[in-house]
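Each chain, written out:
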Amino acid sequence: MHLHILGICGTFMGSLALLARELGLTVSGSDANVYPPMSTQLEEAGIHLAEGYAAANLTPRPDLVVVGNALSRGNPEVEALLDRGLPYVSGPQWLAEHVLAGRQVIAVAGTHGKTTTASLLAWLLESAGLAPGFLIGGVPRNFGVSARLGAHDAPFVVEADEYDTAFFDKRSKFVHYRPEIAILGNLEFDHADIFPDLAAIERQFHHLVRTVPGRGRLLVADGEPALDRVLEQGCWTPVVRFGGEASSPWRLALEREDGSRFRVIHQQDEVDEDAVVDWPLTGAYNARNALAALAAAHACGVDLARGCAALSRFESPRRRQELRGEVAGIQVIDDFAHHPTAIAATLEGLRAATTRGRLLAVVEPRSNTMRLGTLRDRLAASVGAADAAFWYQPPGLDWSLAPLLAASPVAAHLHEDLDALVDALVTEARPFDRIVVMSNGGFGGIHEKLLAALEAAHG
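Below is a short write-up of the structure. Owing to the predicted nature of the structure, the values given are computational and were not obtained by experimental measurement.

What follows concerns the pairing of strand β6 (residues 105-109). In terms of burial, β6 is a largely internal element, five of the five residues being buried. Here β6 shows no split at all, with Val105, Ala107 and Ala109 on one side and Ile106 and Val108 on the other all buried. Both β6 and strand β9 (residues 156-159) contribute to a ladder of four bridges, which runs parallel. Each residue of the ladder has a partner; that of Ile106, found in β9, is Val157.

Structure (structure tokens):
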């Protein structure tokens, strides 16, 4: 069977392509934006990629076309598949029908931290010998791929996105997954291009809650008013809370300020001396992600102490505090943060772990929410934990980032030319500095350009 995927280099669709290939299907795809790490994964899997959308990409005629949610009417390849009467389906529906059916599905939902939490959970299950399947919106470095089928009778971990499904199905992706266990990690306003307000997103989260069976489990973060409102709309599944509140059965206690060591407390009076995590990640938010993953793994039978020990061998997913290189003591770190909350959390975690040198934040606001300017008033404050901020005005951003300079709590710079931005960073950087590049896109290959320029200047 020949499956053709529109939008194949998106994190979800690319992962779906790998699963289809593992099922033995012939897979091809097209996309307007082809860049690593997804393009590399697909090429290594022997999947043919066409750059750009065109009717010719549908020849030879595929048996089924899977349409990504970035595609809309007017796209030449979408129009061609409709005119030719080709069978088509959304990615989440295909996943539900061909991969998730009959599996114990664990869905990881939330505005932030889904990729890291799903990667943590997959690694915990793998370390316990369960051979899980997974589909994650990034590349977990412990596995080297963003998706795999796993053992047929093993749990399947899926990153559960609230973004819409396809141009012909405006429900959130996660309503297709029918999980037995769902993690609700946090919830705030995002995706301003499809949701008018936070209440609209809460309704979609409640649709997810409605699909979890009574024999299942909802692992819900404490201290999240929006999630409380979701549950108030109705809940038919046991709810287990995690976080920092004394009443929550899953709690964490930081033993280092930077979050690199913490203790897990399960149940009110149960203190396990072996339930300590000492790991390479930083940030209280990552410790909270780990707590959620441990609670879900425990629900699948994974021993808590064994799980805590496994986290010491966890490697963060690609583009999540990923060290891309070091030149003359200057580190270049890549991170996917693009929402003000995520930007602030990333920088605060790195600040707590930075003992020498400065923290230089480089931010490209390019998500759909950022392009609309919905959260622009929160951007300046989001870099407060850095020593300096370098903002990049990408093409297509219809509002100016210039006002951020006056409102910035730290020294701030604005660039519209990528090469000029790289030059400015090379001029500014000193040994022991950490340059944190934050974007949810390819950012014009800035990481490689920056490392090469640093090498030329300091090597």
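Right, let's get into the sheet that holds strand β2 (residues 26-31). Reading across from one edge, β3-β2-β1-β4-β5 is the order of the five strands in this open sheet, with parallel pairing throughout. Either end of the sheet is taken by a strand with one partner, and the two such strands are β3 (48-51) and β5 (88-90). For this sheet, the mean inter-axis angle between neighbouring strands, taken without regard to orientation, is 25°. Direction of pairing for β2 relative to β3: parallel, over a ladder of four bridges. Residue pairing across strands places Ser28 opposite His48, the latter belonging to β3.

Here we come to the layout of surface pockets. If you add up the space inside the second largest pocket, you get close to 240 Å³. Around the second largest pocket, the lining is made up of 16 residues, and of these Pro280, Leu281, Ser316, Gln321 and Leu323 lie nearest the centre. When contributions to the lining of the second largest pocket are tallied by element, the ones reaching two or more residues are β18 (322-327), β19 (330-335) and α10 (340-353). For the lining of the second largest pocket, the residue count by class is seven nonpolar, four polar and five charged.

This brings us to the environment of Ser316. The residue Ser316 is located in the loop between α9 (304-311) and β18 in this model. On the basis of relative accessibility, which here comes to 7%, the residue Ser316 falls in the buried class. C-alpha of Ser316 to C-alpha of Arg251: the two residues are 65 residues apart in sequence and 22 Å apart in space. Among all residues touching Ser316, those that are not within four sequence positions of it are Arg141, Leu281 and Gln321.

Glancing now at the side chain of Thr115. If you trace the backbone, Thr115 turns up in helix α5 (residues 114-127). Residue Thr115 is classed as buried on the basis of its relative accessible area, which comes to 4%. Among the polar contacts made by the side chain of Thr115, one reaches the side chain of Glu159 at a distance of 2.8 Å.

Turning our attention to the packing of aromatic side chains. All told, the structure shown has eight aromatic pairs when counted by the stated rule. Centre to centre, the rings of Tyr88 and Phe168 are 5.0 Å apart; their planes meet at 70°, and the pair counts as edge-to-face. Here the residue Tyr88 occupies a position in strand β5, and Phe168 occupies one in the loop between β10 (164-166) and β11 (169-172), the gap between them amounting to 80 residues. For Phe168, a relative accessible area of 33% translates into the label partly exposed. Plain terms: the ring middles of Phe174 and Phe205 are 5.2 Å apart, the flat faces sit at 80° to each other, and that makes the pair edge-to-face. On the criterion of sequence distance, the pair formed by Phe174 in the loop between β11 and β12 (181-184) and Phe205 in helix α6 (residues 198-211) is long-range, its members being 31 residues apart. The two residues Phe174 and Phe205 agree in class, both being buried. Among the aromatic residues, ring-to-ring pairing joins Tyr88, Phe167 and Phe168 into one connected group. In this structure, Arg356 packs its charged tip against the face of Phe432, placed 3.5 Å from the ring centre.

What counts and what doesn't
Residues numbered from 1 in each chain as written. Predicted model: local features only at pLDDT ≥ 70, side-chain atom pairs only at ≥ 80, totals over all residues. Heavy atoms only, no water. Buried < 20%, exposed > 50% of the residue type's maximum accessible area, 1.4 Å probe, protein only. Helix = DSSP H or I, 4+ residues; strand = E, 2+ residues; numbered from the N terminus. Pairing = 2+ DSSP bridges. Axes fitted to C-alpha atoms, helices over the stretch in contact; angles between N-to-C directions. 1 Å grid on protein atoms, 1.4 Å probe; cavity = no way out; pocket = protein on both sides within 12 Å on 5 of 7 lines; lining within 4 Å. Points joined across faces, edges and corners; volume = space filled by probe spheres on them. Nonpolar A, V, L, I, M, F, W, Y, C, P; charged D, E, K, R; others polar. Contact = heavy atoms within 4.5 Å. Polar contact = N/O pair within 3.5 Å; in protein donor to acceptor, adjacent residues only side chain to side chain. Phe/Tyr/Trp six-rings, centres within 6.5 Å; stacked < 30°, edge-to-face > 60°. Lys NZ or Arg CZ within 6 Å of the ring centre and 35° of its normal.

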